Amino acid sequence: MGEEVKLIGSIQSLFSFRVEWALKLKGVEYEFIKEDVRNKSPLIFKYNPIHKKIPVLVHGGKPLPESLVILEYIDETWKDCPLLPEDPYERAMARFWAKYADEKVWQAYVAEGEEKEKAMGPALESLAFLEKEIKGKKFFGGEKIGFLDLAVGWVPHWLNVLEEVGSMKLLDAEKFPSLHEWAENFIQISPIKECIPPRDELVSYFHAGLIYLRSLSANKP
Amino acid sequence: MADDIILLDFWPSMFGMRVKIALAEKDLKYEYREEDLRNKSPLLLEMNPVHKKIPVLIHHGKPICESQIIVEYIDEVWKDKSPLLPSDPYERAQARFWADYVDKKIFELGRKIWTTKGEDQEAAKKELIGCLKILEGELGEKPFFSGENFGFVDVSLVTFSCWFYAYERFGNFSIEAECPKLIAWTKRCMQKESVSSSLADPFKICGFVVLLRKKFGIE
């Protein structure tokens, strides 16, 4: 597969990082085209006219958005270091938990006041389910990092930032000891540890984002 | 039952219908169990503790949840008959992308049409038509979304077609007038036994929506 690989991404986006991790794990050479999500370039509109978001993988000129869709494509195209398990049932489970993590844990961050209390419930519940899934395993993929580790891989680094910015505590080491241990292991492993955004950038990005989001809801009639 | 398959479903659900189509495409026998969503069975709560929703496929006692994930599972296990996803990785990714697009857009917009009035409803109608036109564009001149054969994206979208009558009735508009090629595609899909035997009757769906609106106090 000698065709050119480009990743249009952003250092603030956890969705972008999970794609980078997958490419690095597979040893795929790629060009990273850095976007600022608050100031989108024409490139994003060209390669993702439907959702106008990053990340977008461009392989041999053919674009592909949606990070979980991209992960599966990477896994099917570059066979080294498989991400998804072979067994169809296990594959279905990995897909299920990846989707779940994306949908639930994110909500608690943007909520405020009473809404936050309400959103914390499902967020904590989702961490509890992940805790059950990881118990007894080093990684969600077993001995090696797999699809679900990449999908949930934002938790170790980003969740901590979201907790600080959003004034909430979710990943409590006492409540979720296995998940906490997984988080510690995950960010130590290559290529993850060499490919993590600077924390202060994330803090200022999410802080600005939260102020903006809260101002939107404050201005609603 | 040779393949030991149980489907927990609720008859009006366009998500459950996707699974029925996939099972029919693969010629599989299964036990169908209708759930009362106001009184969920212990089996449903046990098999889908996370979302407590239908559809749930139970294969050899193990549950699989989320309709798109179930359809992919069925396609992978019974891969020798009527493949729903293409074999080329880029085309597979495209199919997953469009199925995800249907999931992100159509249900919520449709729901807004029969639960709101005035400006909100107009906005939802406009947006739904916009999305259906985008899908129509993606279909192009092909008989089905992936080309000559009925596939994954067709399964994801066609189940909404039995809800179109309800959307049109309560939104007071015609989807066919706006998206004739898409409606032609739904009729093409309905010629397949797997689709016609899996979709609910649009009039029954409309009657169901009337009951829901009464229940929610929507005039």
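The structure reproduced in this document is the subject of the present report. (Residues numbered from 1 in each chain as written. Chains lettered and ligands numbered in written order. Predicted model: local features only at pLDDT ≥ 70, side-chain atom pairs only at ≥ 80, totals over all residues. Heavy atoms only, no water.)

1. Some thoughts on the side chain of D149 of chain A
Residues and elements named next belong to chain A.
Then, number 1: Tracing the sequence through the fold places D149 in helix α7 (residues 147–152).
Then, number 2: It is K137 that comes nearest to the buried, bridge-free D149 among opposite-charge side chains, at 8.0 Å.
Then, number 3: A polar atom in the side chain of D149 sits 2.8 Å from the side chain of W182.
Then, number 4: If we ignore the near neighbours within four places in the chain, the residues touching D149 are F139, F140, G141, K144, W182 and F186. (Helix = DSSP H or I, 4+ residues; strand = E, 2+ residues; numbered from the N terminus. Buried < 20%, exposed > 50% of the residue type's maximum accessible area, 1.4 Å probe, protein only. Lys, Arg positive; Asp, Glu negative; His and termini not counted. Salt bridge = Lys/Arg side-chain N within 4 Å of Asp/Glu carboxyl O. Polar contact = N/O pair within 3.5 Å; in protein donor to acceptor, adjacent residues only side chain to side chain. Contact = heavy atoms within 4.5 Å.)

2. What to know about the interface of chain A and chain B
Then, number 1: With 24 residues of chain A in contact, the opposing surface of chain B contributes 25 residues.
Then, number 2: Both sides of the chain A and chain B interface together cover about 2400 Å² of buried area, and 68% of this is carbon and sulfur.
Then, number 3: For the pair chain A and chain B, the number of links is 8 salt bridges.
Then, number 4: Between R95 of chain A and E76 of chain B there is a salt bridge, and its shortest N-O distance comes to 3.0 Å.
Then, number 5: Connecting chain A to chain B are 10 residue pairs in polar contact (both at pLDDT 80 or more).
Then, number 6: Among the elements of the structure, β4 (62–65), α3 (67–77) and α4 (88–104) of chain A are those that each provide at least two residues to the side of chain A that touches chain B.
Then, number 7: Counting residues per element, the side of chain A that touches chain B draws most heavily on α4 of chain A, at 11 residues. (Buried area = accessible area lost by both parts, 1.4 Å probe.)

3. Re the packing of aromatic side chains
Residues and elements named next belong to chain A.
Then, number 1: Enumeration over the complete set of coordinates arrives at 27 aromatic pairs over all chains.
Then, number 2: Geometrically, the ring pair formed by F17 and W21 is tilted, given 6.3 Å between the ring centres and 55° between the ring planes. Residue F17 and its partner W21 are located together in helix α1 (residues 14–25), separated by 4 residues, close to a single helical turn. Residue F17 shares its accessibility class with W21, and that shared class is buried.
Then, number 3: For the ring pair Y100 and F129, a centre distance of 6.0 Å and an interplane angle of 85° mean the geometry is edge-to-face. (Phe/Tyr/Trp six-rings, centres within 6.5 Å; stacked < 30°, edge-to-face > 60°.)

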